[in-house]
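For reference, the chains in residue letters:
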Amino acid sequence: MLIKTRKASDIPSSEITPESVYLNRRHFMAALAGGAVASGMSGNALALVGNPAAEDAGRPKWWRNAVEQRVDGMPNAKDSLTPYSDATRYNNFYEFGTGKTDPSEYAGKFKTDPWQVTIDGEVGKPGTFTLEDILKPHPLEERIYRFRCVEAWSMVVPWVGFSLADLIKRFEPTSKAKYVAFETLYDPEQMPGQSSRFSGIKWPYVEGLRLDEAMNPLTMMVVGLYGRTLPNQNGAPLRLMVPWKYGFKSIKSIVKITLTEKQPPTTWNLLAPGEYGFYSNVNPLVDHPRWSQSRERRLPNSLFDPNWHDTQMFNGYEEEVASLYKGMDLKKFY
Ligand SMILES: Nc1nc2c(c(=O)[nH]1)N[C@H]1C(S)=C(S)[C@@H](COP(=O)(O)O)O[C@H]1N2
Ligand SMILES: [Mo]
């Protein structure tokens, strides 16, 4: 558990412009419930008033209950939240297509129940478990994180989930475990992008972390957002969230977690090793070979209002994670 003290990663309230834009939990819950929107709220809030309730109505009860019973987790970025509609309609999920709206258009019928997750490799208690059994011992927390894609856009989202560290401990890593490898479902019948050779990706999508990165309290397993079960396009039913790394590390729709002795292969690194490294920490000082990483377009934005923000070292989580990379040349280990 993180200790509830103010961290540098909590944006000072002086940077919140305007104050009324910030949506606290009660606000967005009212908005999600389809009720009246409190006066004085911005267009951000209005974008929440759809009927997201319908989106998770079909989810299993145990999943909805767990998300409903979430408690506040730390740290909470005080940036104004990205509207629900942007967070769920501007996505990267190449299994459903390479366009930003492909996932929300084509993942609607994706089957997330029943769902099984295998945990194996360097653990004392390997096995394959239902999602319900995976979630059962973990009280869920809501954490508002900044999320920065390597393509230089970013969002601020209230994720619901729990620390990956707590999950890993349950399966008792051996002394040989140095890395954690993750794998997305492989099912071309459901995921049309997996039959298309357009993206050049070798499926299934795979990702990995060093064990100490995986055990950092910020690293989260996510099963919900905005107080609802995770929409399919955001990686239902179970995805990773590593807020100080570029978005592609946060692998979606996970079916396998393997503790390993050696650094595991990762999808974007396999595809373009000169452009995407294993570490992929958000770093305004290390540019992508084809574009600058010093700034980001915060959603919501438009051509006329790109909503530029300066990109922060480790996405603003320096205090929590810089010690993981002490003595490392971050230009070399990008
Ligand atoms: N399996 C899988 N996971 C994935 C991706 C993907 O294409 N497939 N895209 C990644 C990228 S590049 C980003 S930016 C985030 C996007 O998450 P979001 O759509 O919830 O914002 O998911 C990451 N996880
Ligand atoms: Mo991304």
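Residues numbered from 1 in each chain as written. Chains lettered and ligands numbered in written order. Predicted model: local features only at pLDDT ≥ 70, side-chain atom pairs only at ≥ 80, totals over all residues. Heavy atoms only, no water.

A. Layout of the pattern of salt bridges. Under the counting rule described, the total for this entry stands at 16 salt bridges. Here Arg 143 ties to Glu 141 by a salt bridge, and the two come within 2.9 Å at their closest N and O atoms. Each of the two residues, Arg 143 as well as Glu 141, counts as buried. A salt bridge links Arg 298 to Glu 296, with the shortest nitrogen-to-oxygen separation between them at 3.4 Å. (Salt bridge = Lys/Arg side-chain N within 4 Å of Asp/Glu carboxyl O. Buried < 20%, exposed > 50% of the residue type's maximum accessible area, 1.4 Å probe, protein only.)

B. Looking closely at the environment of Ser 154. Looking at where Ser 154 falls in the secondary structure, it is placed in strand 5 (residues 153-163). Sequence separation between Ser 154 and Gly 247 is 93 residues; the distance between their C-alpha atoms is 8.9 Å. Not counting residues up to four positions away in its chain, the partners in contact with Ser 154 are Phe 147, Arg 148, Glu 296, Arg 297, Arg 298 and Leu 299. Of note is the side chain of Ser 154, whose polar atom sits 2.8 Å from the side chain of Glu 296. (Helix = DSSP H or I, 4+ residues; strand = E, 2+ residues; numbered from the N terminus. Contact = heavy atoms within 4.5 Å. Polar contact = N/O pair within 3.5 Å; in protein donor to acceptor, adjacent residues only side chain to side chain.)

C. Molecular detail of the environment of Thr 88. Along the chain, the position of Thr 88 falls in the loop between helix 5 (84-87) and helix 6 (102-106). Thr 88 sits 146 residues away from Asn 234 along the chain, and the two C-alpha atoms are 6.6 Å apart. Those residues in contact with Thr 88 that sit more than four places away from it in its chain are Ser 104, Leu 225, Pro 231, Gln 233 and Asn 234.

D. Focus on the pairing of strand 11 (residues 254-260). Within strand 11, six of the seven residues are buried, leaving the element largely enclosed by the surrounding structure. In terms of strand pairing, strand 6 (residues 179-184) meets strand 11 through six bridges, oriented antiparallel. Among the inter-strand pairings, Ala 181 is bridged to a residue of strand 11, identified as Thr 258. (Pairing = 2+ DSSP bridges.)

E. Spotlight on the environment of Ile 254. As for its position among the elements, Ile 254 is in strand 11. The exposure class assigned to Ile 254 is buried, which follows from its relative accessible area of 0%. As a C-alpha pair, Ile 254 and Trp 115 span 139 residues in sequence and 9.5 Å in three-dimensional space.

F. Layout of the site of ligand 1. What surrounds ligand 1 is a group of 18 residues, the closest being Asn 91, Tyr 94, Glu 95, Arg 239 and Lys 252. One nitrogen or oxygen atom from the side chain of Thr 184 is found 2.9 Å from a nitrogen atom belonging to ligand 1. Within the side chain of Arg 239, a nitrogen or oxygen atom sits 2.9 Å from an oxygen atom of ligand 1. Considering ligand 1 on its own, with 540 Å² of exposed area, one finds that the protein chains cover 98% of that surface. (Near = heavy atom within 4 Å. Areas by Shrake-Rupley, 256 points an atom, 1.4 Å probe, with all protein chains shown as cover.)

G. The sheet that holds strand 6, seen in detail. Ordered by their spatial adjacency, five strands build an open sheet running 3-2-11-6-7, and the pairing between neighbours is mixed. Pairing within the sheet leaves two strands with one partner each, and these edge strands are strand 3 (127-130) and strand 7 (206-210). Each neighbouring strand pair of the sheet contributes to a mean axis angle of 20 degrees, computed without reference to strand direction. (Axes fitted to C-alpha atoms, helices over the stretch in contact; angles between N-to-C directions.)

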